[in-house]
Structures are given as C-alpha cells and as structure tokens.
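Spelled out from the first residue to the last, the chains are:
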Amino acid sequence: MGIPDGFGSVLVGGLVSAMLYGITTLQAYIYYMHNFEDTSTMKFMVAAVWVLDTLHVSFMCHMEYYYLITNWGAPASLEYIVWSFPASILIDVIVITIVQLFFARTIYHLCRPQLRWLVIVPLVLLILAHIGFATATAIVMYIRLSTIFTERFIFACRFANSTFSFASYTRLYTTTPAAIAIALAEVLITVSLCMLLRESSSAVPRTKRLLNTLIIYAVNRCLLTLPVVIAVVVTGADDMFVWAATFDLIVGKLYANSLLASLNT
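Along every chain, residues carry numbers that run from 1 in the direction the sequence is written. Only residues with pLDDT of 70 or above have their local features reported here, since the model is predicted, and side-chain atom pairs are shown and tallied only from 80 upward, although totals for entire chains, interfaces and linings are computed over all residues. Computation of side-chain values: all heavy atoms of the structure, hydrogens and water removed.

Draft legend 1. Representation of the overall build of the protein chain. Segments assigned H or I by DSSP are reported as helices when at least four residues long, segments assigned E as strands when at least two residues long, and all are numbered from the N terminus. Broken down by element type, the protein chain carries 8 helices and 0 strands. Ordering the α and β elements of the protein chain from the N terminus gives α-α-α-α-α-α-α-α. A 1.4 Å probe rolled over the protein chains alone gives each residue an accessible area, and that area as a share of the maximum for its type sets the label: buried under 20%, exposed over 50%, partly exposed in between. A burial count over the protein chain gives 44% of its 265 residues as buried. Any two residues whose heavy atoms approach within 4.5 Å at even a single point are treated as in contact. Within the protein chain, contacts between residues at least 6 apart in sequence are counted, and of these 79% link residues at least 24 apart. Accessible area for the protein chain stands at about 13900 Å²; split by element, carbon and sulfur atoms hold 72% of it. Only the protein chains shown count as cover for residues, with accessible areas throughout obtained via the Shrake-Rupley method and a probe of 1.4 Å.

Structure (structure tokens):
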C-alpha cells in the first residue's frame, strides 16, 4: 500500500526547497566574500538567516523521511502531524519576519518624515499579524500531536458540527489569515519601495541607472514571492492541505534568497 494521491507534491516541494537552500548558501558565501565593509549587525543577520534556513531544510528532510520512508505503507500515520512540520513553520515565520523587517527598515529611511509612519505602521501591523497567525498554526499543530487532545477535539467538533474538521479549523482561523497578512505586507513593501525609489530619481545617469535597477529588483522580488504566497492562500482555502504544505516548504527559501540578492546587488 502506498501513500495517497497528491502527497508526491510534497516530495517535489522538498526537492525545490533543497535546491533553493543551495542558492541561499551560495549567496551567503558571496556576501561574506565581497561585503567586508558592512556592519556587524548586518553580517549577523545574514548568518542568522542562513542558520535558520539550514534548520528549516533539516526539519523538512525529517518530515519527508518520516512520511515517505519510515511509514511507507502505513496510511494511518498520515493522520498524525510529525513534530518537524510545525517546527519548520516556526522557522519560516522567523525568516520571513527578519526579511520583511529589513525592508521595512529600508522604507523607513527612504520615506519623508511626514509620511514615514503612514507607511511603516500598517506594514508593521501586517508583519505582527502574520507572526501571530502563523505561530498559532504551529502551536495548534503541536497540540494536534497529543492523541488525547485529538480525540477530545474530534468529539467536540462532531458534536458541534459534523462537517467541521481539524483541517478546516486550522485553515479558517490561522493558516489563511497568516498567508493573507504576508501577501498584503509583500504588496505594501513592493509598492512603497518602487514609489520611494522613483521619487529619489537623479539627473546623474549612473545614479538613475542604479535606481532603475533597484526598482526592477523590487518588482522581481514581489513577482517571485507573491505568487507562491497566493498559492498558499488558494490551496488552503480549497482544503488542499497537501498542496498548501508544498508551497509552504518553498516560500521561506524565496524570502531568504530575496534578502541576500538585495544585499549582493
């Protein structure tokens, strides 16, 4: 007996995530080889992102080994959530938060003083909302590891609503709001960076080319991360939990690479 249809997408997502981790490692190496003048804080941030990304790929490998190798032919194991899955979600939350706060700091320094808080406050609120909902998702999954709690929760759900499931609860109250918050924050970051860089346009050709390049990088960054975040929202809303987990394995790697690419520009 094999695994249910669609679970192979998690394996593909893991392979893509591992490939992106290799790119993250290469970019981190390039950063330390060419940015000697950066502050210690910036160097520590890059090291922290790389270490967290390493932990994430380790947890991801453990999760896939547990479901696809250790419990091959045991579909009942798919009813339980292995600890490394919520752990990888927490790592993703930290990485995405670091990256978004980095770009929020950039926007803060580029903004005019009278407009600074009008942009930063909504952005920080969206980042905090993502932290809260995503952390709640991981906590709920950890609680799901408890067999006693699971039995009581399922009994309560059946008593209240026969069509309400644990996956529906997680999707409705934690996963979807977290993905929506991160998508809105991503749009706000991209629009703010493009507008601020456009306002900073210079008559000096070299400076103008540099600013145009930075705008292109900001747009490309959004085009790289936003579709994956939207995919998480759509698949989660349609109860396609396996596909949502697949995209979730990738999104953190895209944010780590977007940060390092901007620092190496």
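Draft legend 2. How the structure looks around the layout of surface pockets. A cavity, in this analysis, means grid points on a 1 Å lattice covering only the protein atoms where a 1.4 Å probe fits yet has no way out; a pocket is instead an open set bounded by protein on both sides within 12 Å along at least five of seven lines, and a residue lines either one if it has an atom within 4 Å of a point. Grid points are joined across faces, edges and corners, and a volume is the space filled by probe spheres set on the points. Approximately 470 Å³ is the volume attributed to the second largest pocket. What lines the second largest pocket is a set of 19 residues, among which Phe-103, Leu-214, Tyr-217, Ser-262 and Thr-265 lie closest to the centre. Mapped onto the lining of the second largest pocket, the elements with two or more residues apiece are helix 3 (84–110), helix 6 (166–199), helix 7 (205–237) and helix 8 (241–263). Per-element accounting of the lining of the second largest pocket gives the leading share, 7 residues, to helix 7. When its residues are assigned to classes, the lining of the second largest pocket shows 11 nonpolar, 7 polar and 1 charged. Side-chain classes follow a simple rule in which Ala, Val, Leu, Ile, Met, Phe, Trp, Tyr, Cys and Pro form the nonpolar group, Asp, Glu, Lys and Arg form the charged group, and the remainder, Gly included, forms the polar group.

Draft legend 3. Molecular detail of the side chain of Thr-246. Within the element layout of this structure, Thr-246 appears in helix 8. According to the relative accessible area criterion, Thr-246 is buried, its value standing at 5%. If we ignore the near neighbours within four places in the chain, the residues touching Thr-246 are Ser-9, Val-10 and Gly-13.

Draft legend 4. Structural view of the nonpolar core. Among buried residues, the Ala, Val, Leu, Ile, Met, Phe, Trp, Tyr and Cys ones that are joined through side-chain atoms within 4.5 Å form a nonpolar core. Counting 46 residues, the largest nonpolar core has Phe-102, Ile-107, Leu-123, Tyr-255, Leu-259 and Leu-263 as the members making the most contacts within it. Counting only elements with at least two residues in this core, the list comes to helix 1 (8–34), helix 2 (40–70), helix 3, helix 4 (113–144), helix 6, helix 7 and helix 8. Among the elements that line this core, the one with the most residues is helix 3, at 9 residues. Ranked by size, the runner-up nonpolar core spans 17 residues in total, among them Ile-81, Ala-134, Met-141 and Ala-178.

Draft legend 5. Seen up close, the pattern of salt bridges. Any carboxyl oxygen of Asp or Glu within 4 Å of a side-chain nitrogen of Lys or Arg constitutes a salt bridge here. Under the defined criterion, the tally for this structure stands at 1 salt bridge. Note that Lys-253 and Asp-53 form a salt bridge whose closest N and O atoms lie 3.3 Å from each other. Of the two residues, Lys-253 sits in helix 8 while Asp-53 sits in helix 2, which places them 200 residues apart along the sequence. The pair Lys-253 / Asp-53 is uniform in exposure class, with both members buried.

Draft legend 6. Structural detail: the environment of Val-49. If you trace the backbone, Val-49 turns up in helix 2. Given a relative accessible area of 0%, Val-49 falls into the buried group. Sequence spacing of Val-49 and Ile-91 is 42 residues, and the spatial spacing of their C-alpha atoms is 9.7 Å. Residues contacting Val-49, with those up to four places away along its chain left out, are Ile-98, Ala-256 and Leu-259.

Draft legend 7. The arrangement of a nonpolar patch on the surface in detail. A patch consists of residues exposed above 30% relative accessible area that lack any salt bridge, with like charges linked at up to 9 Å and nonpolar side chains (Val, Leu, Ile, Met, Phe, Trp, Tyr) linked at up to 5 Å. Taken together, the side chains of Trp-117, Val-121, Val-124, Leu-125 and Leu-128 present a nonpolar region at the surface, about 480 Å² in accessible area. Examined against the element boundaries, Leu-128 turns out to sit in helix 4.

Draft legend 8. Broad picture of the packing of helix 1 against helix 2. To define axes, lines are fitted to C-alpha atoms, for helices over the stretch in contact only, and angles between the resulting N-to-C directions are given on a 0 to 180 degree scale. Where helix 1 meets helix 2, the closest approach of the two axes is 10 Å, and the angle between their N-to-C directions is 160°. For the element pair helix 1 / helix 2, the angle class is roughly antiparallel. As for how helix 1 packs across helix 2, the hand of that crossing is left-handed. Under this scheme an angle from 65 to 115 degrees is roughly perpendicular, one under 35 degrees roughly parallel, and one over 145 degrees roughly antiparallel; angles in between are oblique. Two helices crossing with the near one rotated counterclockwise from the far one by less than a right angle form a left-handed crossing, whereas a clockwise rotation gives a right-handed crossing.

Draft legend 9. Inspection of the packing of aromatic side chains at higher detail. The criterion for an aromatic pair is that two Phe, Tyr or Trp rings (for Trp, the six-membered ring) have centres within 6.5 Å, with stacked assigned to planes under 30 degrees apart, edge-to-face to planes over 60 apart and tilted to the rest. Counting across every chain of the model gives 5 aromatic pairs. Between Tyr-66 and Tyr-67, the aromatic rings sit 5.0 Å apart at their centres with planes inclined by 80°, giving edge-to-face as the arrangement. A relative accessible area of 26% means that Tyr-66 is categorised as partly exposed. Relative to Phe-103, the ring of Phe-102 has its centre 5.2 Å away and its plane inclined at 80°; by these criteria the two rings are edge-to-face. The class for Phe-103 is buried, based on a relative accessible area of 7%. Whether a charge sits over a ring depends on NZ of Lys or CZ of Arg being within 6 Å of the ring centre and within 35 degrees of the ring normal. Positioned above the aromatic ring of Tyr-108 is the side chain of Arg-116, whose terminal nitrogen or guanidinium carbon lies 4.4 Å from the ring centre.

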